[in-house]
Amino acid sequence: MTLGTGVNTQQVSLAPSAHLRRRMGYQKAMIAVMVAATLVSVFVTVGIVVSLLPTTFKLLSEITTQLFGTVWAPLFTPPQFGIVPLITGTTMIVVIGMLIGVPFGLAAAIFLSDYATFNVRRIVKPILEILAGIPTVVLGLFGLYILNPELIEKYWPIGDPLAYTGIGAGIMTGILIIPIVASVADDALSSVPRAMREAAYALGATKREVAVKIVFTAGLSGVVAALILAFARAFGETTIALMVAGSYPKLTANPGDPMQTMASFIGFAGIGDAEVGSNAYNTIFLVGSLLFFTTLIFNILGNRFIARFREAYE
Amino acid sequence: MSNTNKVSLESRLSARRIFIDGIFRFFLLLSVTFALGFIFVIVYRLWRNAGWLLSWDLIKNFPSYDIDSAGFQSSITGSIWVVGVATLIALPIGALTALYLESFSNKKSKLQKLVELNIQNLAGVPAVVFGLIGLAFIARGPFSWGFTVGSAAMVIAMLILPVIIIITRESIRAVPPSFKEGALALGATPWQAVYRLVLPYAIPGTATGTILAVSRAIGESAPLLLLGALSFVTFNPTGLDSGFTILPLAIFKYASDSREEFQVLASAGSLILLAILFAMNLSAILLRDRTLRKRNV
């Protein structure tokens, strides 16, 4: 009996001490701080949407009918808002960029996941990271000073290319996305289980057959993700397009011509301190909305595909 | 008879397959060499163009239209100011967010999924769009901070925040769960376990990632185009309210003039920028290697 009461009193003293209560209180405060920090990134997104939409809608309601015209000159008087040249310019540069960036990026990914030895991989990966770290202004400079005058002006067969060319911007954009394609696709291909490779080798497949027919197929959703994310990156690239393709929104089918992309228009029109409410100010928000929501859709899609291969193999 | 036939067929087939394999390997190597070699081509051409101009004077002088006395001091200090302040803002917020999402929140809740999706997408928003929110809310509009170091730092902070969150989460996830479990078993509160054990272990990974994020931010030019940074600034920033320019846009500025000597200046600026970024990348790589080696032993 006495023993029992003894145990009982012991249990009572197990109630949270003042010290523990203080620690728990501290934890509660820290959790509140962390929640506040987490909300910041939500506010940023909300902020982007709120900064873009009102101006966009206001301008849209005024110019809806002009939007599908073929002359883009919002800064002139009278302004013209035909967005077609921006869309063709963007498409041209992004497509050329993908044509360059995707083959090289995928080649690098296959090389890293199936051909490179551990030590080669340890050297190649950081160099790819350095390539990814080259600022766009430097890539733009290379396009403007070297690619355009030394190669494109001299050898481009159609028309008479001058200082600014769409194809130059496309090529430099392609180089920009090589490391993006390579690293996302390499993640996917490397996470394909060894057992699948070994099973294929055991059936007599060659290295290429394993890499292309087994690993590449198994990691396809990751490869698709790589392409989508690279597309989104190329689509939003501003500085390269501005420096290499110039700022003349020409409606043209010749990649050797100067052209303007949606992103490079924002950069171009934003340089001259645009007054709030002016045409220049309003149009950069309109084009910004287009840019933001298009990349948003592609990023969501791309991340879906990444989640899919993670689910399958990790 | 049928046996020999089979054998010869097989050997011919495999010779063809081996040949294709060889060609495939050759093209892979060629592509990778091209992609990696491009870095050297860029550096070599910039060097041939402007290597002779590199000197301490180039770093110490202020911008000028006279090539002999032109330099990049104000843009280098501007870049340090902007990116430095941005890191001071984004790193604590990002680290706390990562800690919360990894260690405290309910991982299965819909809200968490939404927040994660948001961060992922924020990381993919084109940089120039951050310039737009900066223009609408920070430089003009509610904050009306003007084209200052403070405005620019806030824009760059928003740009690197999602990257820092993602990187920190990854390095927190790499901490063995036994660390936290052991501390909890000894009576630590979850916060104590996370703050004293999980976070210190995650610091090298976070530091590596932050260096990479910051080096991206230093090279970023598009969003600050919209914040008036493309201007001829002949003074160092003195505080958050000061006007500024940054190194990438100083390069851009020289590049938008087609005269020969400005090409040289722009190339020289690019060499300085690349040198800074290579140094940062190298330190990140060394830090990562050292941490990995220490932990494997």
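The numbers attached to residues start from 1 for each chain and follow its sequence in the written order. Starting at A for chains and at 1 for ligands, labels are handed out in the order in which the entities are written. It should be noted that, the model being predicted, local features are given only for residues of pLDDT at least 70 and side-chain atom pairs only at 80 or more, the latter also being counted only at that level, while totals for whole chains, interfaces and linings use all residues.

A. Local environment of the overall build of chain A. Only DSSP runs of H or I reaching four residues or more are called helices, and only runs of E reaching two or more are called strands; each is numbered from the N terminus. Of the regular secondary structure elements, chain A holds 12 helices and two strands. Mapped from its N terminus to its C terminus, chain A presents α and β elements in the order α-α-β-β-α-α-α-α-α-α-α-α-α-α. In terms of overall dimensions, chain A is more spread out than a globule: its C-alpha atoms have a radius of gyration of 27 Å, far above the 20 Å expected for 314 residues. For chain A, the spread of C-alpha atoms along the three principal axes comes to 105 × 65 × 35 Å. Radius of gyration means the value over C-alpha atoms here, while the globule rule gives 2.2 Å times the residue count to the 0.38 power.

B. The arrangement of the overall build of chain B in detail. Helix and strand counts for chain B stand at 11 helices and zero strands. Going from the N terminus to the C terminus, chain B shows its helices and strands as α-α-α-α-α-α-α-α-α-α-α. Relative to the compact-globule value of 19 Å for 297 residues, chain B shows a C-alpha radius of gyration of 26 Å, a clear excess of over 25%. Once the C-alpha set of chain B is aligned to its principal axes, its extents read approximately 90 × 65 × 40 Å. Remark: C-beta atoms are placed from the backbone, and a residue is labelled buried if 20 or more other C-beta atoms sit within 10 Å of its own, exposed if 12 or fewer do, or partly exposed between those counts. For chain B, the proportion of its 297 residues judged to be buried stands at 44%.

C. Layout of the domain arrangement of chain A. Residues and elements named next belong to chain A. As used throughout, domain bounds are those supplied by an automatic or database domain assignment. Assigned domains within chain A: domain 1 (16-65) and domain 2 (69-313). Once you take the C-alpha centre of each, domain 1 and domain 2 turn out to be 31 Å apart. Taken together, the residues of the side of domain 1 that touches domain 2 sort by class into six nonpolar, two polar and one charged. Note on residue classes: Ala, Val, Leu, Ile, Met, Phe, Trp, Tyr, Cys and Pro are nonpolar, Asp, Glu, Lys and Arg are charged, and everything else, Gly too, is polar.

D. Expanded view of helix α4 (residues 110-124) of chain B. Helix length check: α4 of chain B (15 residues) gives 22 Å between terminal C-alpha atoms against 21 Å at 1.5 Å per residue, within 8%. Along α4 of chain B, the positions that sit buried rather than exposed are V115, I119, N121 and L122 of chain B. Multiply 1.5 Å by the residue count of a helix minus one, and that product is the helix's expected span.

E. Spotlight on the interface of chain A and chain B. Here, residue contact means that the backbone-derived C-beta atoms of the two residues sit within 7 Å. The interface is formed by 72 residues belonging to chain A together with 72 residues belonging to chain B. Looking at which element gives the most residues to the side of chain A that touches chain B, the answer is helix α2 (residues 18-63) of chain A, with 20 residues. Split by residue class, the side of chain A that touches chain B holds 49 nonpolar, 18 polar and five charged.

F. Here's a closer look at the packing of α4 of chain B against helix α6 (residues 149-173) of chain B. Residue and element names in this part refer to chain B. Where α4 contacts α6, the axes come no closer than 8 Å and their chain directions differ by 125°. Taken as axis vectors, α4 and α6 run oblique relative to one another. Taken as a pair, α4 and α6 cross one another with a handedness that is left-handed. Along its contact with α4, which presents I119, L122 and A123, the element α6 presents P162, V163, I165 and I166. Looking at the contact of α4 with α6, its residues break down into seven nonpolar, no polar and no charged. Axis lines are fitted to C-alpha atoms, over the contacting stretch for helices. Their N-to-C directions set the angle, which ranges from 0 to 180 degrees. An angle below 35 degrees is read as roughly parallel, one above 145 as roughly antiparallel, one from 65 to 115 as roughly perpendicular, and any other as oblique. The handedness criterion is simple: a crossing whose near helix is rotated anticlockwise from the far helix by less than a right angle is left-handed, and one whose near helix is rotated clockwise is right-handed.

G. Summary view of the environment of A213 of chain B. All names here are of chain B. Checked against the element boundaries, A213 lands in helix α8 (residues 190-219). In sequence terms A213 and P126 are 87 residues apart; their C-alpha atoms lie 15 Å from each other. Setting aside residues no more than four positions away along its own chain, A213 makes contact with I160, V163, I164 and I167.

H. Here's a closer look at unusual backbone geometry. Positive phi values are uncommon outside glycine, yet S144 of chain B reaches one of about 45°. Mapped onto the fold, S144 of chain B is located in the loop between α5 (127-139) and α6.

I. Summary view of the domain arrangement of chain B. Each assigned domain of chain B is listed with its residue range as follows: domain 1 (2-53) and domain 2 (59-296). Grouping the amino acids of the side of domain 1 of chain B that touches domain 2 of chain B by side-chain chemistry returns five nonpolar, one polar and no charged.

J. Looking closely at the confidence of the model for chain B. The pLDDT value tells you how sure the predictor is about a given residue, anywhere from 0 up to 100. For chain B, the mean per-residue pLDDT works out to 89, and 95% of the residues sit at or above 70. At the level of chain-chain contacts, confidence expressed as ipTM amounts to 0.90, with global pTM at 0.90.

K. Region of interest: the nonpolar core. In this usage, the nonpolar core is the set of buried Ala, Val, Leu, Ile, Met, Phe, Trp, Tyr and Cys residues whose C-beta atoms join them within 7 Å. A108 and V181 of chain A together with I156 and I160 of chain B are the most contacted members of the largest nonpolar core, which has 186 residues in total. Setting aside its immediate chain neighbours within four residues, V181 of chain A contacts G101, V102, G105, L106, A109, A226, L227 and A230 of chain A.

L. Molecular detail of the packing of helix α5 (residues 136-155) of chain A against helix α10 (residues 247-255) of chain B. In contact at an axis separation of 10 Å, α5 of chain A and α10 of chain B are set at 20° when each is read in the N-to-C sense. One element, α5 of chain A, and the other, α10 of chain B, form an angle in the roughly parallel class. Judged by the twist between their axes, the crossing of α5 of chain A over α10 of chain B is left-handed. Where α5 of chain A approaches α10 of chain B, its residues V137, L141 and L144 of chain A are matched on the opposing element by P248, I251, F252 and A255 of chain B.

M. Quick peek at the confidence of the model for chain A. Summary statistics for chain A give a mean pLDDT of 90 and a share of 95% for residues scoring 70 or more. Per-residue pLDDT stays below 50 along residues 1-7 of chain A; that stretch engages in zero contacts with residues further than four places along the chain or on separate chains.

N. Fine view of the environment of G134 of chain B. All names here are of chain B. Looking at where G134 falls in the secondary structure, it is placed in helix α5. In this structure, the C-alpha to C-alpha distance between G134 and T291, residues 157 residues apart in sequence, is 37 Å. Once residues within four sequence positions are removed from consideration, G134 is found in contact with A139, S151, M154, V155, P223, L226 and L227.

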